[in-house]
Structure formats: structure tokens, C-alpha cells
Amino acid sequence: MGRTFRFTLRATDGTARRGEFETPHGVVQTPAFMPVGTQGAVKAALHSDVAAAGAAIILGNTYHLFLRPGDELIARRGGLHRFIGWDGPLLTDSGGFQVFSLAAHRVITEQGAEFQSHLDGSRHQFTPERTVDIQARLGSDIAMAFDECLAFPATRQAAAASMQRSVRWAARCRARLEVLRAAPPPDVTVSNPRQAQFGIVQGGVFLDLRRESADATVASGFDGYAIGGLSVGEPIDVMYTIVAETAGRLPRDRPRYLMGVGTPEDLVECVARGIDMFDCVMPTRNARNGQLFTSQGRINIKNARYAEDDGPLDPICSCYTCRRHSRAYLRHLYLAGEMTAGALNTLHNLTFYLDTMGRIREAIQLGTFDSFRQEFLRSVSRLSHDS
Ligand SMILES: [Zn+2]
């Protein structure tokens, strides 16, 4: 069976890129934002809401789904798309980030990572090959290579050793996928035979290590490339510099995915530096904490100033929350601890992020991205950190 993953660059404006990629479950317009569906659901949102907000692709977390309900159980249900009832494109991470951030008693060797489940303390091992097999059973449209996630801050020596190990693990992931494509062993159900695979560039805050990692990861020949290990505590200008340098070193004809980033301002700034794909828990997590992103800046809905505010959350937003409800009502629901508060706030924040991506795509297409960027940064900073 032929590979169907294909990225097409449609337009550029400076270093910003407008494109699209094809997966077995549909086409995704880029730059794209991927809502995070950790356990097979975007928290506090129905899939229909996520799709209505404009999401073309969502992300699932391999670590969580492996531990519960298990990748083999999901494969027996026909794969992740069928199991969760999402027909569109899906990306799964490799589980690396959660092993390094959530699991206990990690032991990292050249072979892989041994760890204890944060749920029940059971012991598991993730090797590069095993995470490819798990993602094959899940059957996402895009699988990620297993990488070592470096703690911040790290010395140059530690960053170099970790990056070089991630490069070796990336090559093993690629080799394993080739095995699964050619002749999958009987214990690995390949739920989506046309699954694409992305490599991940690491290297901490060291530009020369980032360059070395980019070149070596590209040599393994992935369908797309991610930049990992950023937004972990480094200064924002350092992150932007690394994004610009790394993106500029990646092949023009493959999508570039900045993992785990970020604020609306980060999305615009990193598109300007050549990024095509993003994921982040910020719109959904902040929504559940009452922090809302609007065209006029951030709003903390629990603020007393909204107690009798009959206006919509964002006057120019067309989401259900903004069409139907007042700031006063949203504040009341939040303070009363109603679950509906999380649902309404999540729907709005996702709509804001996805609308922003739509406006970015349009501006690149029209060649007006730079003026869009200036105006966007001016308006979103107006009410920032309202509390
Ligand atoms: Zn809204």
C-alpha cells in the first residue's frame, strides 16, 4: 500500500508558510493548531464542539492510552479513530514527554526508559521500537518518534548526550516503522497502514546542538519534523531564536511541528519563523481555570468586574458561548463550580485559537501576514494578565 502522507506548500510570506497535508483521514490546512485529547477526548468538549470550533486534527497521548485502556484493547476496537469516534486526522505523541514528566522511578538506558505508572505504580518499559508498535496499534495518522526529554536547565554536556541519544532512538523508530510497513510481526496489529511518522529535534537551548540534531534527524528520512524540548522554562527570546534557527534548517517540503507551544502570541511569532503545526493544553486547561483568550486580550472570568457585565466574552467571536451567554453568567457558573463553565469556556478558547490560525492562514495567503502580526500583538496584549 502506498503512503498517502503528503505536504504541499501553497504560499509563503517572508518565512511564514501556508500549506496543507493529506492523511488517510483527511486534509489539514497549515499553519494548524491541534487541540490536545490526552485520553482520547479533549477535556470538557464533545468531538462535535471541537470540530465546530474548526479543529481539523486532534492529538492523543500514547503514555496515557497505553496505561489505560491499553493499546491492544484499542487495536481490538479497530484503532483509536473508531474507538473514540473521531473520523478526522489524529496525531499521537510517543509517550516520551509523559515518561519524563509524569512517571515515577525512571531508569534511562540506551535501550529505552523503564518507569512506574503514575496510576498504579506498575512497571513498564518504553523502547523506541515499543512506542512505534504501540502507536501502530493506536493507528494515528501521524506517529511521533520516541525521544529523550531533557530537564531544564541542563549543561551543554548533558544536552549533547541526550540529543545524540534521541538521534539514535529516532533512527531505531524509523527502522521499526519500515519493518511494520513491510512485514508486521503477528503481535503487532497495524490499525492504520498508511500512518506517517515525524522525527523530533532536541538539543536544549544550544544552537549548535539544535543544528546537529536537525541534520541527523533529517538523515533518518521522516515524513515531517517536530521541534521538542521548548517552552520548558527558557526565556521567550531564546525559544524564538531556537525555533527560527531550527525551522530554517529543516526541509522545505516537510511540515514543521513545534511541540507543546503555546500562547496565542507564540503561535503568531512562531508561524513568522516558519512553523506549520502546534499543539498545547493552554486553551483547554486555562478555560477550566477561568482564563479566557479574547480578541482584546486575556480575561479572568472570576474577576468581580464581570459580575454584572451583560456583554459577550468576546464581541467578535462567533462561538456558541459568545453568541448565547454573558460574562456575568459565565462568571456565575465558574464561581458555582458548574461543569458547564468548563464546557462553555473550553469551546470559546478553542474557537479563539482555531480562529487565530484561520486568520494567520488567510494573511499568509494574501501576503499581509506582517501587518496582521503587528495588529494581533497590539490587540491581544491590551488586557493581558487581567486578574
Ligand atoms: Zn467565543
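Further up the page is the structure itself.
Position numbers for residues start from 1 in each chain and track the written sequence from start to end. Residues qualify for local features only when their pLDDT is at least 70, as the model is predicted, and side-chain atom pairs are given and counted only at 80 or more; totals for whole chains, interfaces and linings, by contrast, use all residues. The side-chain quantities take in all heavy atoms of the structure and omit both hydrogens and water.

Caption draft 1: Geometry of the nonpolar core. Ranked by internal contacts, the top residues of the largest apolar core, which has 72 residues, are Leu258, Phe278 and Phe369. Under the DSSP-based scheme used, a helix requires at least four consecutive residues in state H or I and a strand at least two consecutive residues in state E, with every element numbered from the N terminus. It is helix α14 (residues 339-366) that contributes the most residues to this core, nine residues altogether. Only buried residues count toward a nonpolar core, which is a set of Ala, Val, Leu, Ile, Met, Phe, Trp, Tyr and Cys residues joined through side-chain atoms within 4.5 Å. Each residue is assigned to one of three classes by its accessible area relative to the maximum for its type, calculated with a 1.4 Å probe on protein chains only: buried under 20%, partly exposed between the two thresholds, exposed over 50%. Counting 19 residues, the second-largest nonpolar core is a separate cluster that includes Ala32, Ile57, Leu59 and Met277.

Caption draft 2: Spotlight on the pattern of salt bridges. The working definition used for a salt bridge is a side-chain nitrogen of Lys or Arg within 4 Å of a carboxyl oxygen of Asp or Glu. Within the structure shown, the criterion is met by 23 salt bridges. Where Arg137 meets Glu72, a salt bridge forms, and the shortest distance between an N and an O atom there is 3.8 Å. In this pair, Arg137 sits in helix α6 (residues 128-138) while Glu72 sits in helix α3 (residues 71-76), placing the two residues 65 residues apart along the sequence. The exposure class assigned to Glu72 is partly exposed, which follows from its relative accessible area of 45%. Between Glu245 and Arg211 there is a salt bridge, and its shortest N-O distance comes to 3.2 Å. Residue Glu245 is found in helix α9 (residues 236-249), and its partner Arg211 is found in helix α8 (residues 207-219); the two are separated by 34 residues along the sequence. Residue Arg211 is classed as partly exposed on the basis of its relative accessible area of 29%. The network of salt bridges with shared partners includes Glu110, Glu148, Arg165 and Arg168.

Caption draft 3: Summary view of the packing of α6 against helix α7 (residues 156-182). Direction vectors running N to C along α6 and α7 enclose 45°, while the axes themselves pass 8 Å from each other. Taken together, α6 and α7 sit at an angle that is classed as oblique. In this structure, the crossing between α6 and α7 has a hand that is right-handed. Residues Pro128, Glu129, Thr131, Val132, Asp133 and Ala136 of α6 form the contact with α7, whose participating residues are Trp169, Arg172, Cys173, Arg176, Leu177 and Leu180. In this count, Pro and Cys sit with the nonpolar residues alongside Ala, Val, Leu, Ile, Met, Phe, Trp and Tyr, while Asp, Glu, Lys and Arg are called charged and the others, Gly among them, polar. Of the residues belonging to the contact of α6 with α7, the class tally is seven nonpolar, one polar and four charged. Interaxial angles span 0 to 180 degrees and are taken between N-to-C directions of axes, which are lines fitted to C-alpha atoms, for helices over the stretch in contact. Here the word oblique covers every angle except those under 35 degrees (roughly parallel), over 145 (roughly antiparallel) and from 65 to 115 (roughly perpendicular). The handedness criterion is simple: a crossing whose near helix is rotated anticlockwise from the far helix by less than a right angle is left-handed, and one whose near helix is rotated clockwise is right-handed. Whether two residues are in contact is decided by their heavy atoms, any of which lying within 4.5 Å being enough.

Caption draft 4: View of the coordination of the zinc ion. The protein atoms that coordinate the zinc ion are Cys317 (SG), Cys319 (SG), Cys322 (SG) and His348 (ND1), at distances spanning 2.1 to 2.3 Å. Here a donor is an N, O or S atom found within 2.8 Å of the metal, or within 3.2 Å if the metal is Na, K or Ca; sites may look incomplete because water is not among the atoms. Donor residues binding the zinc ion come from one chain and are separated in sequence as C-x1-C-x2-C-x25-H. In this pair, Cys319 sits in the loop between β16 (297-300) and α12 (320-324) while His348 sits in helix α14, placing the two residues 29 residues apart along the sequence. Residue Cys319 is classed as buried on the basis of its relative accessible area, which comes to 5%. Overall, His348 belongs to the buried group, its relative accessible area being 0%.

Caption draft 5: Region of interest: the packing of α9 against helix α10 (residues 264-271). Between α9 and α10, the least distance of the axes is 10 Å, while the angle of their chain directions is 35°. The crossing of α9 and α10 is right-handed. Mapping the contact onto sequence places Ile236, Met239, Tyr240 and Val243 in α9 and Glu265, Asp266, Glu269 and Cys270 in α10. Grouping the amino acids of the contact of α9 with α10 by side-chain chemistry returns five nonpolar, no polar and three charged.

Caption draft 6: The sheet that holds strand β7 (residues 104-108), seen in detail. Here three strands make up an open sheet; going across it, the order is β7-β8-β9 and the pairing antiparallel. Looking at strand neighbours, the two that pair on one side only are β7 and β9 (123-126), the edges of this open sheet. Along the sheet, successive strands turn relative to each other by an average axial angle of 20°, direction set aside. The pairing of β7 with strand β8 (residues 113-116) spans three bridges and is antiparallel. Following the sheet pairing, Val107 is matched in β8 by Glu114. DSSP calls a pair of strands paired once it identifies at least 2 bridges connecting them.

Caption draft 7: Broad picture of the packing of aromatic side chains. Planes of paired rings set the category: under 30 degrees apart is stacked, over 60 is edge-to-face and the rest tilted, where pairs are Phe, Tyr or Trp rings (Trp by its six-membered ring) whose centres lie within 6.5 Å. Within this structure, the stated rule accounts for 13 aromatic pairs. Among the aromatic side chains, those forming a connected cluster through ring pairs are Tyr63, Phe66, Phe115, Phe126, Phe146 and Trp169.

Caption draft 8: How the structure looks around the sheet that holds strand β2 (residues 16-23). If you trace the three strands from one edge of the open sheet to the other, you get β1-β2-β3, paired in antiparallel fashion. Single-partner strands in this sheet number two, and they are β1 (6-13) and β3 (26-30). Taken pair by pair, the neighbouring strands of this sheet meet at an average axis angle of 15°, ignoring direction.

Caption draft 9: Structural detail: the pairing of strand β11 (residues 196-201). For β11, the buried fraction is high: six of the six residues fall into the buried class. In β11, alternate side chains face the same way, and those of Ala196, Phe198 and Ile200 on one face and Gln197, Gly199 and Val201 on the other are all buried. On the question of chirality, the crossover connecting strand β10 (residues 142-144) to the parallel β11 by way of α7 is right-handed. Here β11 runs beside strand β12 (residues 224-227); their pairing, made up of four bridges, is parallel. Paired with Val201 across the two strands is Ile227, which belongs to β12. Convention used here: a crossover is right-handed provided that the path from the first strand, over the helix, to the second strand proceeds clockwise when the strands point away from the viewer. In the classification by handedness, the crossover that spans β11, the intervening α8 and the parallel β12 is right-handed.

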